[in-house]
Amino acid sequence: MKVLVIGGGAREHALCRSLSLDPDVTALYCAPGNAGIAEVAELHPVDALDGDAVARLATELSAGLVVVGPEAPLVAGVADAVRAAGIPCFGPSGEAAQLEGSKAFAKDVMAGAGVPTARSYVCTTPAEIDEALDAFGAPYVVKDDGLAAGKGVVVTEDVDVARAHALSCDRVVIEEFLDGPEVSLFAITDGTTVVPLQPAQDFKRALDGDEGPNTGGMGAYSPLPWADPKLVDEVLETVLQPTVDELRRRGTPFSGLLYAGLAITSRGVRVIEFNARFGDPETQVVLARLKTPLAGVLLASANGTLDVLPPLNWRDDAAVTVVIASHNYPDTPRTGDPIDGLADVAAQDAPDAYVLHAGTRAEGDAVLSAGGRVLSVTATGKDLTAARERAYTALGRIRLDGSQHRTDIALKASQG
């Protein structure tokens with residue numbers, strides 16, 4: 001099978017790495033890709049938001065499967081264009097991807113499906129915003145209704161900060177604060193059958209101890225030793241399957257990757273948000289633990305044959321990923337800085353630890369930073385303590401001027 005992956009971040013590098021290890025994949029392409037992905041896939045330029053351009057490229061490459069990584073192309077309907085060209089595509093339709101593209105749409109689907117979530121108000125005027133903020137009180141949870149690359153959510157005790165964020169959005173969802181730890185659970189679905197993956201936990205705040213501004217994610221780990229062993233089955237039954245069934249009932253079947261961001265509250269599991277694609281950085285640790293070859297699973301989703309897929313196999317190993325971010329991230333990051341030490345990691349830490357590229361570009365033999373989140377250093381080990389140690393040892397070999405990373409990824413979970 002020839003596979004084309006759309007995107008150019010660490011999520012796509014993780015996908016390409018897994019696909020490159022799959023014996024059924026005879027050729028692997030990525031568009032537009034990045035400096036790290038170039039080591040495992042053939043790169044092609046494309047406007048990832050242009051469905052016709054993506055479909056043309058897939059046709060030219062005789063791709064047997066297209067995997068759309070990021071949310072913006074999915075919401076823009078790129079998967080629809082690929083399917084219209086007769087090529088199997090992993091990823092939901094533009095209509096079904098509104099589950100991520102619009103928080104209000106997601107809330108409506110959850111209401112129809114009876115899925116437990118936070119109480120919320122959808123607001124479009126200053127008066128509605130004030131009423132909602134008053135109704136819930138602090139801590140305030142304010143979400144931009146549309147796509148915001150993981151940075152559209154503000155959680156704050158300060159009503160003025162909450163109001164300012166709400167007023168900066170065209171349409172905003174204001175909801176009650178959910179207590180308890182957060183969990184990310186991915187599921188692969190073909191619109192009928194739902195196959196959950198292993199849960200992960202990510203770290204959204206920029207600084208140690210969950211301080212600082214919200215980011216797209218500064219690290220993640222899997223498995224979750226503190227989680228109830230029945231958690232995955234419970235979420236499948238109360239959240240994932242009902243959501244997929246409701247979307248099919250509405251005539252907008254969802255196939256691809258359904259991501260549930262969950263809060264394990266004192267009142268039970270509640271959905272914080274849905275995404276319509278693999279999450280970043282959780283994908284890095286979940287795929288590090290997946291033993292089953294990836295291409296066949298994604299193709300079964302695209303072809304509607306997940307019901308005949310054998311159960312997934314998982315490694316017992318734990319996985320940890322730590323994000324190296326640019327100077328000034330999550331504000332406007334500095335880019336163009338050289339990255340050193342990547343060859344040292346490959347020589348001294350592989351295969352137990354490796355580097356997945358996010359915001360990078362090649363310039364001659366040099367690799368330069370080209371985004372806010374630059375690299376994901378990922379490692380596996382017999383337990384979280386071993387995986388953490390390997391990840392941070394490998395990270396210590398990398399040099400990027402002004403870069404930042406958290407030192408406490410998976411620390412608390414590894415201590416039991």
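It should be emphasised that the depicted structure is a prediction, and the values quoted were computed from it without experimental measurement.

A. Molecular detail of the overall build of the protein. A tally of helices and strands in the protein yields 14 helices and 24 strands. Against the globule reference of 22 Å for 416 residues, the protein gives a C-alpha radius of gyration of 20 Å, in line with a compact fold. Taken along its principal axes, the extent of the C-alpha atoms in the protein is 55 × 45 × 40 Å. Here the protein holds 416 residues, and the buried ones make up 57% of them. Across the protein, the fraction of contacts at a sequence separation of at least 24, relative to all contacts at a separation of at least 6, is 69%. Here the protein displays about 16500 Å² of accessible surface, and carbon together with sulfur accounts for 49% of that area. The distance from the centre of the 34 positive side-chain charges to the centre of the 57 negative ones in the protein is 3 Å.

B. Spatial organisation of empty space enclosed by the protein. In the structure shown here, the tally under the stated rule is three cavities of 30 Å³ or more. Empty space within the largest cavity amounts to approximately 60 Å³. The element that contributes the greatest number of residues to the lining of the largest cavity is helix H6 (residues 103–113), accounting for four residues. Partitioning the lining of the largest cavity into residue classes produces five nonpolar, no polar and five charged.

C. Structural context of the sheet that holds strand S10 (residues 182–189). An order of S11-S10-S16-S17 is seen for the four strands of this open sheet, with the pairing classed as antiparallel. Strands at the two margins of the open sheet, each flanked by one partner only, are strand S11 (194–196) and strand S17 (268–275). On average, each strand axis in the sheet is inclined to that of its neighbour by 35 degrees, with strand direction left out of account. Bridging between S10 and S11 involves three bridges; their strand directions are antiparallel. Along S11, the bridge assignment pairs Ile188 with Val195.

D. Structural view of the packing of aromatic side chains. Taken as a whole and assessed by the stated rule, the structure comprises five aromatic pairs. Note on Tyr121 and Phe136: the rings are 5.4 Å apart at their centroids and 50 degrees apart in plane angle, and the pair reads as tilted. With Tyr121 in strand S6 (residues 120–123) and Phe136 in helix H7 (residues 126–136), this residue pair connects regions lying 15 residues apart in the sequence. Since its relative accessible area comes to 18%, Phe136 is described here as buried. Between Phe186 and Phe278, the ring centres sit 5.7 Å apart and the planes meet at 85 degrees, which makes this aromatic pair edge-to-face.

E. Quick look at the pairing of strand S1 (residues 2–7). The element S1 is extensively covered by neighbouring structure, given that five of its six residues are classed as buried. Pairing geometry for S1 and strand S2 (residues 27–32), over six bridges, is parallel. Paired with Lys2 across the two strands is Ala27, which belongs to S2. Viewed along the sheet, the connection from S1 through helix H1 (residues 10–20) into S2 turns out right-handed. Bridge count between S1 and strand S4 (residues 65–68): four bridges; the pairing is parallel. The partner of Val3 across the bridge, within S4, is Leu65.

F. Molecular detail of the sheet that holds strand S23 (residues 373–381). The five strands are arranged S12-S15-S18-S23-S20 in an open sheet whose pairing can be described as antiparallel. For this open sheet the edge positions go to strand S12 (201–202) and strand S20 (353–357), each flanked by a neighbour on one side alone. Across four bridges, strand S15 (residues 219–222) lies against strand S18 (residues 318–325) in antiparallel orientation. Considered in S18, the bridge of Gly219 is made with Val322. Packing of H1 onto the sheet brings it into contact with S20 and S23, and relative to S20 it is tilted by some 125 degrees. Against the sheet, helix H10 (residues 282–289) engages S12, S15, S18, S20 and S23, with an angle of about 150 degrees to S18.

G. The arrangement of the environment of Glu128 in detail. Here Glu128 is to be found in helix H7. With relative accessibility at 33%, the residue Glu128 sits in the partly exposed group. Measuring from C-alpha to C-alpha, the distance between Glu128 and Leu185 comes to 33 Å, with 57 residues separating the pair along the chain. Beyond its immediate sequence surroundings of up to four residues, Glu128 is in contact with Val122 and Cys123.

H. Representation of the packing of H6 against helix H9 (residues 231–249) in the model. Two numbers describe how H6 lies on H9: the axes approach to 9 Å, and their chain directions differ by 100 degrees. The angle between the axes of H6 and H9 places the two elements in the roughly perpendicular class. Contact with H6, carried on its side by Phe105, Val109, Gly112 and Ala113, involves Pro242, Thr243, Glu246 and Leu247 of H9 and no other residues of that element. Grouping the constituent residues of the contact of H6 with H9 by class yields five nonpolar, two polar and one charged.

Rules of the game
- Residues numbered from 1 in each chain as written.
- Predicted model: local features only at pLDDT ≥ 70, side-chain atom pairs only at ≥ 80, totals over all residues.
- Heavy atoms only, no water.
- Helix = DSSP H or I, 4+ residues; strand = E, 2+ residues; numbered from the N terminus.
- Rg over C-alpha atoms; globule rule 2.2 N^0.38 Å.
- Buried < 20%, exposed > 50% of the residue type's maximum accessible area, 1.4 Å probe, protein only.
- Contact = heavy atoms within 4.5 Å.
- Areas by Shrake-Rupley, 256 points an atom, 1.4 Å probe, with all protein chains shown as cover.
- Lys, Arg positive; Asp, Glu negative; His and termini not counted.
- Charge placed at Lys NZ, Arg CZ, Asp CG, Glu CD.
- 1 Å grid on protein atoms, 1.4 Å probe; cavity = no way out; pocket = protein on both sides within 12 Å on 5 of 7 lines; lining within 4 Å.
- Points joined across faces, edges and corners; volume = space filled by probe spheres on them.
- Nonpolar A, V, L, I, M, F, W, Y, C, P; charged D, E, K, R; others polar.
- Pairing = 2+ DSSP bridges.
- Axes fitted to C-alpha atoms, helices over the stretch in contact; angles between N-to-C directions.
- Phe/Tyr/Trp six-rings, centres within 6.5 Å; stacked < 30°, edge-to-face > 60°.
- Right-handed = clockwise from strand over helix to strand, strands pointing away.
- Parallel < 35°, antiparallel > 145°, perpendicular 65-115°, else oblique.

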